[in-house]
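Architecture at a glance
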Amino acid sequence: RDPASNRSVKPEYSPPAGLLPAEGGTLIDEKAEPREVLATIVDLAVRGYLRIEQMTNAGGREEFLFHRMKPIAGDESLKPFELFVLAKIFGGDWTLSTCALSEMRRDYDHTFPPIRDRLYRLMVDHGLFPASPARMRTDWLVPGGALVAVSFVLPNFWPSWLDAYGVVLPVAIAASGLVLVGWSRFMSRRTWVGAQTLVAVRGFQEFLERAEKDRLERMPADTLHRFLPWAIALGVSERWIFNFRGLKVDEPVWYTGTSPFTLDSY
């Protein structure tokens with residue numbers, strides 16, 4: 001179980017300092033998913049490292065292109081994880097300046113799993129998890145699967161005096177294994193720091209979902225775009241964008257679509 005947190009959730013009007021959107025999204029459900037990668041890409045675009053272009057390809061399908069906008073090497077404002085994501089998009093030798101989302105999807109096995117594992121290691125280094133959540137789940141899944149397998153072969157090797165139990169013993173062993181398998185997905189846990197940070201992340205998530213228009217009007221003009229990566233990572237992007245209906249919103253300089261910018265097409 002997570003260490004107990006003595007802080008109640010209250011709206012936070014900015015994300016936790018030093019935390020990446022991808023870390024916040026993973027902290028919520030203890031799983032690194034493609035949306036955390038997307039949130040990182042959008043965050044880099046908002047900060048000027050990329051430009052995202054929506055277009056229609058020759059087959060009439062929607063396509064997104066990522067254009068690298070400025071030099072990457074030696075930029076101290078880029079964190080190692082962000083640099084790793086950029087290297088996966090444009091190649092470690094930085095020979096590419098444009099990459100299509102469809103290409104990343106085709107190369108999914110060589111793109112997302114390494115980014116996911118790197119994100120888990122980052123969160124362990126930051127003290128948010130004692131070990132990789134994937135590893136903690138595996139530590140329960142593997143023994144559970146082993147017990148199920150043992151229940152099928154054990155009757156062929158056990159001593160004769162166990163015959164008195166009939167099928168009860170194999171069934172009990174298999175049931176125990178299934179319990180471990182079923183619960184393995186819930187067996188990752190956060191550290192004390194992770195539990196405290198989670199409270200702050202949930203508070204910011206509440207703000208993104210319930211932000212009032214009068215407060216948004218008083219915030220900087222780039223608020224929608226600046227916090228959009230967080231809304232994506234926390235799974236509330238639609239609600240975050242909806243909160244700005246009726247308000248004047250600057251057109252994004254990091255994104256171009258197939259039609260003029262509106263909140264409905266964002």
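What comes next is a walk through the structure. Each chain has its residues counted from 1, following the order in which its sequence is written. Local features in this predicted model are restricted to residues of pLDDT 70 or higher, and side-chain atom pairs are both shown and tallied only at a pLDDT of 80 or more, whereas totals for entire chains, interfaces and linings draw on every residue. Processing note: side-chain calculations cover all non-hydrogen atoms of the structure and skip hydrogens and water entirely.

1. Let's talk about the overall build of the protein
- Looking only at helices and strands, the protein features 11 helices and four strands.
- Here the globule rule is a power law, 2.2 Å times the number of residues to the power 0.38, and the radius of gyration is based on C-alpha atoms. Taken over C-alpha atoms, the radius of gyration comes to 23 Å for the protein, far larger than the 18 Å a tight globule of 266 residues would show.
- Burial classification: accessible surface area is computed with a 1.4 Å probe over protein chains only, and a residue below 20% of its type maximum counts as buried, one above 50% as exposed, and the rest as partly exposed. For the protein, the proportion of its 266 residues judged to be buried stands at 40%.
- Summing over all exposed atoms, the protein offers an accessible surface of approximately 14,800 Å²; the carbon and sulfur share of this is 56%.
- Charge counting treats Lys and Arg as positive and Asp and Glu as negative, with His and both chain ends excluded. Lys charges are placed at NZ, Arg charges at CZ, Asp charges at CG and Glu charges at CD. Both charge centroids of the protein, one from 31 positive and one from 32 negative side chains, sit 3 Å from each other. Going along the chain from the N terminus, every DSSP run of H or I of four or more residues is numbered as a helix, and every run of E of two or more is numbered as a strand. Each accessible area is a Shrake-Rupley estimate made with a 1.4 Å probe; only the visible protein chains count as cover when residues are assessed.

2. A word on the nonpolar core
- Ranked by size, the top nonpolar core spans 60 residues in total, and within it I41, F207, L208 and W240 carry the most contacts.
- For this core, the secondary-structure elements that each account for two or more residues are α1 (21–29), α2 (34–46), β1 (50–56), α3 (80–90), α5 (108–125), α8 (192–210), α10 (223–233) and α11 (237–242).
- The element that contributes the greatest number of residues to this core is α10, accounting for seven residues.
- In what follows, residue pairs with any heavy atoms lying within 4.5 Å of each other are defined as contacts. The contact partners of L208, leaving out residues within four places of it in the chain, are F227, W230, A231, L234, V236, R239, W240 and N243. Among buried residues, the Ala, Val, Leu, Ile, Met, Phe, Trp, Tyr and Cys ones that are joined through side-chain atoms within 4.5 Å form a nonpolar core.

3. Here's the deal with the sheet that holds strand β2 (residues 62–68)
- Between any two strands, pairing holds if DSSP finds at least two bridges. A sheet is described by the order of its strands in space; here four strands give the open sequence β3-β2-β1-β4, paired in mixed fashion. A single partner strand is all that each edge strand has here, and the edge strands are β3 (98–100) and β4 (255–256).
- Two strands pair when backbone bridges link them, and β2 and β3 are joined in this way by three bridges, in the antiparallel orientation. Among the inter-strand pairings, H67 is bridged to a residue of β3, identified as T98.
- For helices, the fitted axis covers only the stretch in contact; all axes are lines through C-alpha atoms, and the angles between them, taken along N-to-C directions, range from 0 to 180 degrees. Packed on one face of the sheet, α2 meets β1 and β2 and runs near 115° to β1.
- Docked against the sheet, α3 engages β1, β2 and β3, running at close to 120° with respect to β2.

4. Examining the side chain of E30
- Positionally, E30 belongs in the loop between α1 and α2.
- Any N or O atom pair separated by 3.5 Å or less is treated as a polar contact, with the protein-specific requirement of one donor-capable and one acceptor-capable atom, and with residues adjacent in sequence counted only for side-chain atom pairs. A polar atom in the side chain of E30 sits 2.7 Å from the side chain of S188.
- Contact partners of E30, with chain neighbours within four places excluded, come to D2, Y120, F129, P133, R137, S188, R189 and R190.

5. Quick notes on the environment of S259
- Note that S259 resides in the segment after β4.
- For the pair S259 and Q54, spaced 205 residues apart in sequence, the C-alpha to C-alpha distance is 9.2 Å.

6. Side note on the layout of surface pockets
- A 1.4 Å probe that fits but cannot get out identifies a cavity on a 1 Å grid over protein atoms alone, an open set with protein on both sides within 12 Å along at least five of seven lines counts as a pocket, and a residue lines either if it has an atom within 4 Å of a point. Grid points are joined across faces, edges and corners, and a volume is the space filled by probe spheres set on the points. Space inside the largest pocket adds up to approximately 820 Å³.
- If you trace the largest pocket, you find 30 residues lining it, with L38, V42, F64, L101 and I232 closest to the centre.
- Elements that contribute at least two residues to the lining of the largest pocket include exactly α2, β1, β2, α4 (101–106), α5, α10 and α11.
- Counting residues per element, the lining of the largest pocket draws most heavily on α2, at six residues.
- Polarity classes work like this: nonpolar for Ala, Val, Leu, Ile, Met, Phe, Trp, Tyr, Cys and Pro, charged for Asp, Glu, Lys and Arg, and polar for all others, with Gly in that last group. When its residues are assigned to classes, the lining of the largest pocket shows 20 nonpolar, four polar and six charged.
- What the second largest pocket holds in volume is close to 210 Å³.
- What lines the second largest pocket is P15, G18, L19, L20, P21, D43, V46, R47, K79, R226, F227 and W230.
- For the lining of the second largest pocket, the elements supplying multiple residues, two or more each, are α2 and α10.

7. Comments concerning the pattern of salt bridges
- Salt-bridge detection follows one rule: a side-chain nitrogen of Lys or Arg within 4 Å of a carboxyl oxygen of Asp or Glu. Taken as a whole and judged by the stated rule, the model has nine salt bridges.
- Notably, a salt bridge pairs R190 with E30, separated by 3.2 Å at the nearest N-O pair. Within this pair, whereas R190 is found in the loop between α7 (168–183) and α8, its partner E30 is found in the loop between α1 and α2, the two being separated by 160 residues in sequence. Take R190 and E30: they sit in the same class, and that class is buried.
- In this structure, the salt-bridge partner of R116 is D117, at a minimum N-O distance of 3.3 Å.
- A single network of salt bridges, built from pairs that share partners, joins D29, E33, R35 and E36.

8. Overview of the packing of aromatic side chains
- Two rings from Phe, Tyr or Trp (for Trp, the six-membered ring) form a pair when their centres sit within 6.5 Å of each other. Planes less than 30 degrees apart are called stacked, planes more than 60 degrees apart edge-to-face, and all others tilted. For the structure on display, the rule yields 10 aromatic pairs.
- Ring pairing ties together the aromatic residues Y13, F204, F207, F227, W230, W240 and F244, which thus form one cluster.
- Counted as over-ring charges are cases with an Arg CZ or a Lys NZ within 6 Å of the ring centre that also lie within 35 degrees of the ring normal. Residue placement shows R215 over the ring face of Y13; its charged tip is 3.8 Å from the ring centre.
- A cation over an aromatic ring shows up here: R226 above the ring of F227, its NZ or CZ 4.5 Å from the ring centre.

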